[in-house]
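Single-letter residue listing:
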Amino acid sequence: MLKRLLFFIFLLSFLKGQEKLPDMPVKLLSGKTINLYELLDNGPVIIDFWATWCSPCKKLMKHLDKFHKHFNEYGLNVLAVSTDTPRSMGKVKSFIRSNKYDFLVGLDPNQQVMKKCKAEIMPTTIILDPGGNVIYRHQGYYPGDEEKILNIIHDYYDKQGIDYKKLS
């Protein structure tokens, strides 16, 4: 009986440790709406919550764009979700265009997606595997965090046995 109880506790702790994000619609800057899980069809997804007023967010976005451009051919998608309010939403499009960012940009002016993803501060970066499981979550940005993200991406592709060109 004690063994069964311990096994059950172990199983619960293991299952709880595997965080999975729910599928949800995300309105894109282009005006289209996409479901989060549609992005997972090709491979992993980096979701980054940011705002135009957030300086650390802007620093991280340069790296996310580099990751998107390099790994997109291997199935990686980057979705940068702006949490700007409806009043400051106009700044989002000009910021993305002026920096020539190529990744997908979502709009979350009422922070509904942000809440469902349990993102509490800017930036919050989440990497999902194709099953929707969180393989990385980090809040905030300090120089060097981009190396951690890159290592997670490399580790994911290595474990999957995918032939890819490493980014240095």
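This structure is a prediction, so every number in the text was calculated from the model and none was measured. (Residues numbered from 1 in each chain as written. Predicted model: local features only at pLDDT ≥ 70, side-chain atom pairs only at ≥ 80, totals over all residues. Heavy atoms only, no water.)

Student: I'm lost on the sheet that holds strand β6 (residues 124–128) in this one. Help?
Tutor: One open sheet accounts for seven strands, arranged β2-β1-β5-β4-β3-β6-β7; its pairing is mixed. Single-partner strands in this sheet number two, and they are β2 (33–35) and β7 (134–139). Between one strand axis and the next, the sheet turns through 30 degrees on average, direction left out of account. Helix α3 (residues 55–71) rests against β3 (45–50), β4 (77–82) and β6 of the sheet, and its axis sits at about 160 degrees to β3. (Pairing = 2+ DSSP bridges. Helix = DSSP H or I, 4+ residues; strand = E, 2+ residues; numbered from the N terminus. Axes fitted to C-alpha atoms, helices over the stretch in contact; angles between N-to-C directions. Contact = heavy atoms within 4.5 Å.)

Student: Explanation requested: unusual backbone geometry in the structure shown.
Tutor: Apart from glycine, the bulk of residues carry a negative phi angle, and the bulk of peptide bonds sit in the trans form. Note that the residue after M122, namely P123, is joined by a cis bond; omega there is -20 degrees. With a phi angle near 55 degrees, Q111 is a residue other than glycine that sits in the positive phi range. Inspection of the secondary structure puts Q111 in the loop between β5 (104–107) and α5 (112–116). By relative accessible area, Q111 is classed as partly exposed at 23%. (Buried < 20%, exposed > 50% of the residue type's maximum accessible area, 1.4 Å probe, protein only.)

Student: What exactly am I supposed to notice about the environment of Q139 here?
Tutor: Relative to the helices and strands, Q139 resides in strand β7. Relative accessible area serves as the criterion here: at 28%, Q139 is assigned to the partly exposed category. As a C-alpha pair, Q139 and T124 span 15 residues in sequence and 4.3 Å in three-dimensional space. With sequence-adjacent residues up to four places away left out, Q139 is seen in contact with K118, E120, I121, P123 and T124. Among the polar contacts made by the side chain of Q139, one reaches the main-chain amide nitrogen of I121 at a distance of 3.4 Å. (Polar contact = N/O pair within 3.5 Å; in protein donor to acceptor, adjacent residues only side chain to side chain.)

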